[in-house]
Amino acid sequence: MSSNIRIKRICEQCGNEFTARTTVTRCCSDACAKRAYKRRKREEKVQASDQQTVIMSAVSLADWRLREYFNITELTKLMGVSRWTLWRAIKRNEIAVGRIGGRVIIARKELEKFFTNNNANG
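Calculation notes
Residues numbered from 1 in each chain as written. Predicted model: local features only at pLDDT ≥ 70, side-chain atom pairs only at ≥ 80, totals over all residues. Heavy atoms only, no water. Helix = DSSP H or I, 4+ residues; strand = E, 2+ residues; numbered from the N terminus. Buried < 20%, exposed > 50% of the residue type's maximum accessible area, 1.4 Å probe, protein only. Core = buried A, V, L, I, M, F, W, Y, C linked by side-chain atoms within 4.5 Å. Contact = heavy atoms within 4.5 Å. Phe/Tyr/Trp six-rings, centres within 6.5 Å; stacked < 30°, edge-to-face > 60°. Pairing = 2+ DSSP bridges.

Taking an unreviewed UniProt entry as the reference, the protein chain is identified by name as Helix-turn-helix domain-containing protein belonging to Flaviaesturariibacter amylovorans.

Written out as structure tokens, the structure is:
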């Protein structure tokens, strides 16, 4: 079924004005249509990745509530502080740590003591 419709449109991809022969045409050429398709697919993948990241962070936070021991990297993410800030607190003996081999492990109880002592002092 052919149509004699001529509609002035602006290409979604390149922004040039063109004459469309159908009411659903969004791009001026096949090349622009392919670029627009690739852009849409890329945006869909980024959005899916962002959703996955949100889900994974929510799961990991729930997992952290169940754990009794943490390493330095996990605590920096959990507390939102830098590694150096955490190490300074350890060097000042504000947080007691345990070592297993070369790894530093911090118990949840020590973190609770640290926060109750800091809230009482300041």
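Still more ground to cover, so stick around.
So, about unusual backbone geometry. Glycine aside, residues mostly have negative phi, and peptide bonds are mostly found in the trans state. The phi angle at N93 is positive, at roughly 60°, despite the residue not being glycine. Within the secondary structure layout, N93 lies in the loop between α3 (83-91) and β4 (98-100). For N93, a relative accessible area of 68% puts it in the exposed group.

Formed by W64, F70, I72, L75, L86, A89, I90, I95, V104, I106, L111 and F114, the largest nonpolar core amounts to twelve residues. The greatest single-element share of this core, amounting to three residues, is contributed by α3. Among residues more than four places away in sequence, those in contact with L86 are I72, L75, T76, M79 and I95. Core analysis: the second largest hydrophobic core is formed by six residues, C11, C27, C32 and A36 among them.

Attention shifts here to the packing of aromatic side chains. On inspection of all chains with the given rule, the structure shows one aromatic pair. Taking 5.2 Å as the distance between ring centres and 65° as the angle between the ring planes, the aromatic pair formed by F114 and F115 counts as edge-to-face. The partly exposed category is assigned to F115, whose relative accessible area is 39%.

With that settled, the discussion passes to the sheet that holds strand β5 (residues 103-107). Sheet architecture is open: three strands sit in the order β3-β5-β4, paired in antiparallel fashion. Strand pairing shows two members of the sheet lacking a second neighbour, β3 (69-70) and β4, which therefore form its edges. The pairing of β3 with β5 spans two bridges and is antiparallel. Bridge assignment links Y69 to a residue of β5, and that residue is A107.

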